[in-house]
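Each chain, written out:
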Amino acid sequence: MKTFTKLALCTAVAAGFAILPSEVSAQKTMAYPEKCKSEGMKMDMSKMDMPSGGMPMGDMTDYQKASMDGMKGMHMNMMQGMMKKDADVSFVCGMIAHHMGAISMSEVELKYGDNDEAKQMAQKVIEAQKKEIEEMSKWVDQEVK
């Protein structure tokens, strides 16, 4: 594994992103473009043991576990996208991952939240971010060799 990739992975570990069973995830509904993935980072992150930010897993609520799972997916995809050598591709791939994270957070709100106004905001985020992900993914398909 290249040094920068190891550094990026260690940064994610140090930040405390948990690897948890997937419950709610934008990755289930939208796939991160293959052209955004960087060689050397195409690994199965679910097999890696990462800490949960100092919080014992048994003490986490279902909401917290689902949120952490979404953050893990977003951050790993963002790191892959940011490894691209072209600034434009790096930006667009990073934004796709960021938007997928926003969808994941919104899905968690819809599942676990109880405030109607917050749930309406979450639904608006999902609709807007999915549209933008589709636009950016088309750009990636056309522009990235």
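Everything numeric in this text was worked out from a predicted model, so none of it was measured.

**Description of the overall build of the protein chain**
Phase 1 of the analysis: On a plain count of helices and strands, the protein chain comes out with 5 helices and 0 strands.
Phase 2 of the analysis: For the protein chain, the proportion of its 145 residues judged to be buried stands at 41%.
Phase 3 of the analysis: Intrachain contacts of the protein chain at a sequence separation of at least 6 include 80% that bridge at least 24 residues.
Phase 4 of the analysis: Only carbon and sulfur atoms are counted for the fraction: they give 56% of the accessible area of the protein chain, which is about 8500 Å².

**Brief notes about the nonpolar core**
Phase 1 of the analysis: One finds Y32, C36, C93, I96, M100, I133 and V140 to be the most contacted residues of the largest nonpolar core, which totals 15 residues.
Phase 2 of the analysis: For this core, the secondary-structure elements that each account for two or more residues are α4 (87–112) and α5 (116–143).
Phase 3 of the analysis: Residues contacting V140, with those up to four places away along its chain left out, are P33, K35, C36, V92, C93 and I96.

**Points about the pattern of salt bridges**
Phase 1 of the analysis: The final tally for this structure, using the stated rule, is 2 salt bridges.
Phase 2 of the analysis: With a closest N to O distance of 2.9 Å, E34 and K37 form a salt bridge.
Phase 3 of the analysis: Using a relative accessible area of 51% as the deciding quantity, one classes E34 as exposed.
Phase 4 of the analysis: Classification of K37 by relative accessible area gives partly exposed; the value is 23%.

**Focus on the confidence of the model for the protein chain**
Phase 1 of the analysis: On average, residues of the protein chain carry a pLDDT of 77, and 67% of them reach 70 or more.
Phase 2 of the analysis: Summarising per-element confidence for the protein chain, the mean pLDDT is lowest in helix α1 (residues 3–15) (39) and highest in α5 (97).
Phase 3 of the analysis: In this model, residues 42–51 is a region of pLDDT below 50 whose contacts with residues beyond four sequence positions or in other chains number 21 contacts.

**With respect to the state of the cysteines**
Phase 1 of the analysis: For the coordinates displayed, the defined rule picks out 1 disulfide.
Phase 2 of the analysis: Each disulfide pairs two cysteine sulfurs, and for C36 the partner residue is C93, the sulfurs being separated by 2.0 Å. Here C36 and C93 share a disulfide; its torsion about the S-S bond, -75 degrees, makes the bridge left-handed. With C36 in the loop between α2 (26–29) and α3 (62–82) and C93 in helix α4, the pair connects residues that are 57 residues apart, well separated along the chain.
Phase 3 of the analysis: On the basis of relative accessibility, which here comes to 0%, the residue C36 falls in the buried class.

**Regarding the packing of α3 against α4**
Phase 1 of the analysis: Relative to each other, α3 and α4 sit at 175 degrees, their axes nearing to 8 Å. Overall, the two elements α3 and α4 adopt an arrangement that is roughly antiparallel. Of the residues in α4, those touching α3 at D62, Y63, A66, S67, G70, M74, N77, M78, G81 and M82 are S90, C93, G94, A97, H98, G101, S104, V108 and Y112.
Phase 2 of the analysis: Taken together, the residues of the contact of α3 with α4 sort by class into 9 nonpolar, 9 polar and 1 charged.

**Some remarks on α3**
Phase 1 of the analysis: Here α3 contains 21 residues, and its C-alpha end-to-end distance of 30 Å stays within 8% of the 30 Å for a straight helix at 1.5 Å per residue.
Phase 2 of the analysis: Taken together, the buried positions of α3 are A66, M68, D69, G70, K72, G73, M74, M76, N77, M79, Q80 and G81.

**Section: the packing of aromatic side chains**
Phase 1 of the analysis: Enumeration according to the criterion identifies 1 aromatic pair in this entry.
Phase 2 of the analysis: Between Y63 and Y112, the ring centres sit 6.4 Å apart and the planes meet at 75 degrees, which makes this aromatic pair edge-to-face. You can see Y63 sitting in helix α3 and its partner Y112 sitting in helix α4, a full 49 residues away along the chain.
Phase 3 of the analysis: For Y63, a relative accessible area of 43% gives the class partly exposed.
Phase 4 of the analysis: In this structure Y112 comes out as partly exposed when scored by relative accessible area, which is 27%.

Thresholds, definitions, all that
For every chain, the first residue of its written sequence is number 1, and the numbers climb from 1 along that sequence. For a predicted model such as this one, the threshold for reporting local features is a pLDDT of at least 70, and the threshold for listing and counting side-chain atom pairs is 80 or more; totals across whole chains, interfaces and linings nevertheless cover every residue. For side-chain calculations, the full set of non-hydrogen atoms in the structure is used, while hydrogens and water are omitted. Segments assigned H or I by DSSP are reported as helices when at least four residues long, segments assigned E as strands when at least two residues long, and all are numbered from the N terminus. The buried label applies to any residue whose accessible area, calculated with a 1.4 Å probe on protein chains only, is under 20% of its type's maximum; exposed applies above 50%, and partly exposed to all values in between. The contact rule is simple, with two residues in contact once any of their heavy atoms fall within 4.5 Å. To be clear on the numbers: accessible area is Shrake-Rupley with a 1.4 Å probe, and residue cover counts the displayed protein chains and nothing else. In plain words, nonpolar cores are sets of buried Ala, Val, Leu, Ile, Met, Phe, Trp, Tyr and Cys residues tied together by side-chain atoms within 4.5 Å. Whenever Lys or Arg places a side-chain nitrogen within 4 Å of a carboxyl oxygen from Asp or Glu, that contact is recorded as a salt bridge. A residue's pLDDT is simply how confident the predictor is in it, with values from 0 to 100. Criterion for a disulfide: a pair of cysteine sulfur atoms within 2.5 Å. Here an angle of 0 to 180 degrees is reported between the N-to-C directions of two axes, which are lines fitted to C-alpha atoms, with helices fitted over the stretch in contact. The cut-offs work like this: below 35 degrees is roughly parallel, past 145 is roughly antiparallel, 65 to 115 is roughly perpendicular, and the gaps in between are oblique. Here the nonpolar group is Ala, Val, Leu, Ile, Met, Phe, Trp, Tyr, Cys and Pro; Asp, Glu, Lys and Arg are the charged ones; every other residue, Gly included, is treated as polar. The length a helix should cover is 1.5 Å for every residue beyond the first. Working definition: a ring pair exists when centres of Phe, Tyr or Trp rings (six-membered ring for Trp) sit within 6.5 Å. Plane angles under 30 degrees give stacked, over 60 give edge-to-face, the rest tilted.

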